[in-house]
Amino acid sequence: MDPLDAGSGGILRQPKAVWATAGASVVAFMGIGLVDPILPSIASGLDATAGQVSLLFTSYFLITAVAMLLTGFVSSRIGGRRTLLLGLALVVVFAGLSGTSGSVGELVGFRAGWGLGNALFVSTALAVIVGAAAGGSAAAILLYESALGLGMACGPLLGALLGDASWRYPFFGTAFLMAVGFLCIAAFLREQPRPARRTSLLDPVKALGHGGLASVAASAFFYNYTFFTVLAFTPFVLDMSPYRSGAVFFAWGVLLAVFSVIVAPRLQKRFGSLRVLGGSLVLLAADVLVLGYGDHTTAVVCTILSGAFIGVNNTVYTELALGVSDAPRPVASAGYNFVRWFAAAAAPFFAPRIEEWTGGLQIPFVVAAVTAVAGALVVLVRRGALTLRAEEAAPRHATRDGVGVFVN
């Protein structure tokens with residue numbers, strides 16, 4: 001069955017509950033790249049340094065990483081619908097408060113609260129979409145990944161459009177859109193059956209005892225450092241107006257979406273997941289190295305191009321994390337995300353400080369290239385632990401007995 005077939009209960013013919021959740025997912029993922037075009041404006045408006053402003057990402061993803069241990073614990077006790085609504089409510093409150101910040105410290109703190117709400121929401125949204133979707137899990141996964149790609153693409157665009165008037169407006173805009181999502185989910189989504197077994201706080205950590213899952217998480221840790229060096233540090237390197245920076249990252253997000261949803265599955269089918277992942281990581285390393293040493297035009301091109309490699313990597317990593325171990329998928333995914341989001345918190349913190357310590361604008365990108373290669377080496381060295389289920393992961397993605405978490 002073609003998941004795009006509107007006449008077979010595919011992606012275009014879904015219940016209102018699915019569309020409400022998918023729409024809110026778009027806005028949730030928009031929040032990740034929303035601040036990209038306005039980072040220099042925030043630094044100027046709050047009289048902060050690049051290193052201080054980069055903490056907006058660090059606090060957000062540090063809380064997100066820790067929250068991965070909480071999401072299954074919470075949703076298995078209060079249900080998916082209530083978990084979604086709780087996450088949305090937290091985002092509405094803290095996104096709105098972010099727009100009222102009088103100092104960079106306040107803004108960093110509010111972003112941390114935002115990260116908790118976003119983690120609760122996005123970690124549950126995929127499970128809810130799969131459970132409520134018509135046409136099977138294939139259509140549901142495609143819809144979810146499309147929402148992710150659209151959100152990652154539109155976040156910088158919204159940040160640029162609203163941020164051109166004031167850096168505060170994108171935060172207020174996000175709070176408003178998430179409030180709309182809250183109302184839609186409250187109106188259209190019914191509570192789904194809770195799992196037979198409640199998830200404990202330590203289940204995701206225990207799942208990492210599986211060698212294959214631990215290997216995927218370790219490789220993804222290095223990769224995420226590279227990913228978020230591009231996302232959080234590049235805006236200061238480009239030093240463009242919000243509109244131009246927003247356009248660059250919109251193009252970046254479009255490539256991410258296209259390569260994640262369309263190109264990556266075809267490459268996997270032809271070459272295999274591990275070869276595709278290893279090759280894409282090496283190409284990403286080369287791309288960020290050229291980004292760091294090239295002129296301004298080259299930096300713009302390489303920033304946009306990195307979206308293609310990031311899109312491929314995101315898809316393959318998610319499938320490996322969901323299929324490489326025997327742990328329930330929500331538990332395996334929570335453990336995997338718990339590890340990799342620490343790198344997403346570390347990169348925005350260290351990249352500007354590495355520049356300060358070394359006095360070289362290129363060095364943070366050299367480090368990012370090294371971490372991408374390190375991720376590829378983990379895949380190469382641990383391919384024996386990954387090969388068994390690597391090729392089984394792509395076609396099955398997720399089923400109704402449990403799904404994973406993809407937050408990029």
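> It is not clear to me how the overall build of the protein should be interpreted in this structure. Could you clarify?
Scanning the protein for helices and strands turns up 16 helices and zero strands. The proportion of buried residues among the 408 residues of the protein is 58%. Within the protein, counting contacts between residues at least 6 apart in sequence, those at least 24 apart form 86% of the total. Carbon and sulfur atoms form 67% of the exposed surface of the protein, whose accessible area is close to 15100 Å².

> Honestly, the nonpolar core in this entry has me stumped. Any pointers?
If you look at the biggest cluster of nonpolar residues, it comprises 116 residues, and the most contacted ones within it are Ile42, Phe61, Phe121, Phe171, Ile185, Phe228 and Trp252. In this structure, Phe171 is in contact with Leu34, Val35, Ile38, Ile42, Ala95, Gly96, Ser98, Gly99, Leu107 and Trp114, ignoring residues within four places of it in sequence.

> Help me out: how do you make sense of helix 8 (residues 169-188) in this one?
Each α-helix winds once per 3.6 residues, and so residues spaced three or four apart point in a common direction. Helix length check: helix 8, at 20 residues, gives a terminal C-alpha distance of 29 Å against a target of 28 Å (1.5 Å per residue), a fit within 8%. Of all the residues in helix 8, the buried ones are Pro170, Phe171, Gly173, Thr174, Ala175, Met178, Gly181 and Ile185.

> Would you take a moment to explain unusual backbone geometry for this structure?
Although it is not a glycine, Asp47 adopts a positive phi angle of roughly 55°. Relative to the assigned elements, Asp47 resides in the loop between helix 2 (39-45) and helix 3 (50-53). Positive phi values are uncommon outside glycine, yet Asp239 reaches one of about 50°. Asp239 gets classed as exposed once you look at its relative accessible area, which sits at 60%.

> Help me understand the packing of aromatic side chains, please; the structure alone is not making it clear to me.
Two descriptors summarise a pair of aromatic rings, namely the distance from one centre to the other and the angle between the planes of the rings. Here the structure, examined in full by the defined rule, presents 17 aromatic pairs. Its guanidinium or amino end placed over the ring of Phe57, Arg111 lies 6.0 Å from that ring's centre, counting from NZ or CZ. Over the face of the ring belonging to Trp341 we find Arg340, whose NZ or CZ atom lies 4.5 Å from the ring centre.

So, how was this worked out
Residues numbered from 1 in each chain as written. Predicted model: local features only at pLDDT ≥ 70, side-chain atom pairs only at ≥ 80, totals over all residues. Heavy atoms only, no water. Helix = DSSP H or I, 4+ residues; strand = E, 2+ residues; numbered from the N terminus. Buried < 20%, exposed > 50% of the residue type's maximum accessible area, 1.4 Å probe, protein only. Contact = heavy atoms within 4.5 Å. Areas by Shrake-Rupley, 256 points an atom, 1.4 Å probe, with all protein chains shown as cover. Core = buried A, V, L, I, M, F, W, Y, C linked by side-chain atoms within 4.5 Å. Expected span 1.5 Å × (residues − 1). Phe/Tyr/Trp six-rings, centres within 6.5 Å; stacked < 30°, edge-to-face > 60°. Lys NZ or Arg CZ within 6 Å of the ring centre and 35° of its normal.

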